[in-house]
Amino acid sequence: MLMNKVETALVASPPRRWLQRWYETPTLIRLGGLPAPGSRALELGCGSGYGTQLILERFGADHVDAVDLDPAMIRRAQRRLDGHADRVCLAQGSATDLPLSLDARDGSYDAVFDFGIIHHIPNWRDALDETVRVLKPGGRFYFDEVTAIALASRTYRLLFDHPEYDRFTAEEFVTALQERGLAVDDRVLTRRSGRYVLGVARRTAGREAGPTAAE
Ligand SMILES: C[S@@+](CC[C@H](N)C(=O)[O-])C[C@H]1O[C@@H](n2cnc3c(N)ncnc32)[C@H](O)[C@@H]1O
């Protein structure tokens, strides 16, 4: 689901970039470490491409593929990442069914990144299925999500547009990961009374125990 004008402006703003660089990135690295050197990464819903830049510069990926539903966002990301053209491949399409131009084969990525995009997808479980499909065994899924609690708040309802049904809580999101063989263990935390959930899951072969989200 595309963002409305308010959220589009916010996502491309300096405060959003500040949060992503100085809070989300260090928190995810603290929780889950860095992908192996020389890794191949995928970013779901790259927006204006700032997250892709961080995946190259701070997470140390060698190559990043990135997808966004909104062609205008892909154009913005292309402008931002012009200097990294040899290490980045951008494509318009859905995280639920990755575009062929990305060559997102089964088990082909060391890391997949979700900087606040899966809560925009009505059939969000399909994006998790696609994430598991493309991750290598042992590969990491870095996520930073907005939960049903935040989406039901007055601020979110007044300012932004999101899917109305089948939203997830932090626990439901972590459980959906575990059910797909994405082990979270203690690499997860919630913020602001469950409004946000951040963590790093590792792709395993089998199913894992229940969620362990801690405030
Ligand atoms: C809240 S923004 C986050 C953008 C960026 N990751 C960031 O953190 O600044 C959500 C992004 O997800 C994109 N999006 C929504 N549904 C999508 C889908 N099914 N597949 C890929 N991208 C999607 C939107 O176009 C938007 O750019």
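I will try to describe carefully the structure that is included in this document. (Residues numbered from 1 in each chain as written. Predicted model: local features only at pLDDT ≥ 70, side-chain atom pairs only at ≥ 80, totals over all residues. Heavy atoms only, no water.)

1. Notes on the overall build of the protein chain
Working step 1: When you go through the protein chain residue by residue, the secondary structure sums to eight helices and eight strands.
Working step 2: At 16 Å, the protein chain has a C-alpha radius of gyration in line with the 17 Å of a compact globule built from 215 residues.
Working step 3: Seen through its principal axes, the protein chain has C-alpha atoms that stretch 40 × 40 × 30 Å.
Working step 4: Restricting the contact set of the protein chain to residue pairs at least 6 apart, pairs at least 24 apart contribute 72%.
Working step 5: In the structure as shown, the protein chain presents an accessible area of about 9800 Å², 53% of it carried by carbon and sulfur atoms.
Working step 6: Computed over 28 positive and 30 negative side-chain charges, the inter-centroid distance for the protein chain is 5 Å. (Helix = DSSP H or I, 4+ residues; strand = E, 2+ residues; numbered from the N terminus. Rg over C-alpha atoms; globule rule 2.2 N^0.38 Å. Contact = heavy atoms within 4.5 Å. Areas by Shrake-Rupley, 256 points an atom, 1.4 Å probe, with all protein chains shown as cover. Lys, Arg positive; Asp, Glu negative; His and termini not counted. Charge placed at Lys NZ, Arg CZ, Asp CG, Glu CD.)

2. Topic: the side chain of threonine 25
Working step 1: Along the chain, the position of threonine 25 falls in helix α2 (residues 14-32).
Working step 2: The buried category is assigned to threonine 25, whose relative accessible area is 0%.
Working step 3: From its side chain, threonine 25 meets the backbone oxygen of glutamine 20 in a polar contact 2.8 Å long.
Working step 4: With residues up to four places along the chain from it excluded, the contact list for threonine 25 reads Gln20, Leu54, Arg58 and Phe59. (Buried < 20%, exposed > 50% of the residue type's maximum accessible area, 1.4 Å probe, protein only. Polar contact = N/O pair within 3.5 Å; in protein donor to acceptor, adjacent residues only side chain to side chain.)

3. Section: the pattern of salt bridges
Working step 1: According to the stated counting rule, one finds eleven salt bridges in the structure shown.
Working step 2: Connected through salt bridges with shared partners, the residues Asp106, Glu130 and Arg133 form a single ionic network. (Salt bridge = Lys/Arg side-chain N within 4 Å of Asp/Glu carboxyl O.)

4. What to know about the pairing of strand β8 (residues 196-203)
Working step 1: One ladder, built from seven bridges, connects strand β5 (residues 135-146) with β8; its direction is antiparallel. Considered in β8, the bridge of phenylalanine 141 is made with alanine 201.
Working step 2: Here two bridges tie strand β6 (residues 182-183) to β8, and the two strands are oriented antiparallel to one another. The residue bridging leucine 182 from the neighbouring strand is arginine 203, located in β8.
Working step 3: In the sheet, strand β7 (residues 188-191) pairs with β8 via four bridges, with the strands oriented antiparallel. Of the residues in β8, the one forming a bridge with valine 188 is glycine 199.
Working step 4: Between β7 and β8, which pair antiparallel in sequence order, lie four residues; one of them, arginine 192, sits at a positive phi of approximately 50°. (Pairing = 2+ DSSP bridges.)

5. A short note on the site of the ligand
Working step 1: Taken together, the neighbourhood of the ligand is formed by 22 residues, with Arg16, Gly45, Asp68, Ala95 and Phe115 sitting nearest.
Working step 2: Contact distances for the ligand include 3.2 Å between a nitrogen atom and a backbone N or O atom of leucine 69.
Working step 3: Out of a free accessible area of 600 Å², the ligand has 96% covered by protein chains.
Working step 4: Listing elements by their share of the shell around the ligand, those giving two or more residues are α1 (5-11) and α2.
Working step 5: Considering only residue class, the shell around the ligand consists of ten nonpolar, seven polar and five charged. (Near = heavy atom within 4 Å. Nonpolar A, V, L, I, M, F, W, Y, C, P; charged D, E, K, R; others polar.)

6. Details of the side chain of arginine 21
Working step 1: Along the chain, arginine 21 turns up in helix α2.
Working step 2: Once residues within four sequence positions are removed from consideration, arginine 21 is found in contact with Pro26, Tyr50, Gln53, Leu54, Glu57 and Arg58.

7. Some details on helix α4 (residues 71-80)
Working step 1: Looking only at α4, the buried set comprises Met73, Ile74 and Ala77. All buried residues of α4 project into a common sector of 100° when viewed along the axis, lining one side. (Arc of directions from axis to C-beta.)

8. Digging into the pairing of strand β4 (residues 109-115)
Working step 1: β4 sits mainly inside the fold: seven of its seven residues count as buried.
Working step 2: In the sheet, strand β1 (residues 40-44) pairs with β4 via four bridges, with the strands oriented parallel. Looking at the pairing, glutamate 43 lines up with phenylalanine 113 of β4.
Working step 3: Where β4 lies against β5, six bridges are found, and the strand directions are parallel. In the strand pairing of β5, alanine 111 is matched with arginine 140.

9. Some words on the packing of aromatic side chains
Working step 1: A complete count under the given rule lists ten aromatic pairs for this structure.
Working step 2: A ring pair is formed by phenylalanine 113 and phenylalanine 115, whose centres lie 6.0 Å apart and whose planes are at 20°; its orientation type is stacked. We note that phenylalanine 113, like phenylalanine 115, is buried.
Working step 3: Among the aromatic residues, those joined into a cluster by ring pairs are Trp124, Phe141, Phe143, Phe168 and Phe173.
Working step 4: Just above the ring of tryptophan 22 sits the side chain of arginine 58; from NZ or CZ to the centre is 5.7 Å. (Phe/Tyr/Trp six-rings, centres within 6.5 Å; stacked < 30°, edge-to-face > 60°. Lys NZ or Arg CZ within 6 Å of the ring centre and 35° of its normal.)

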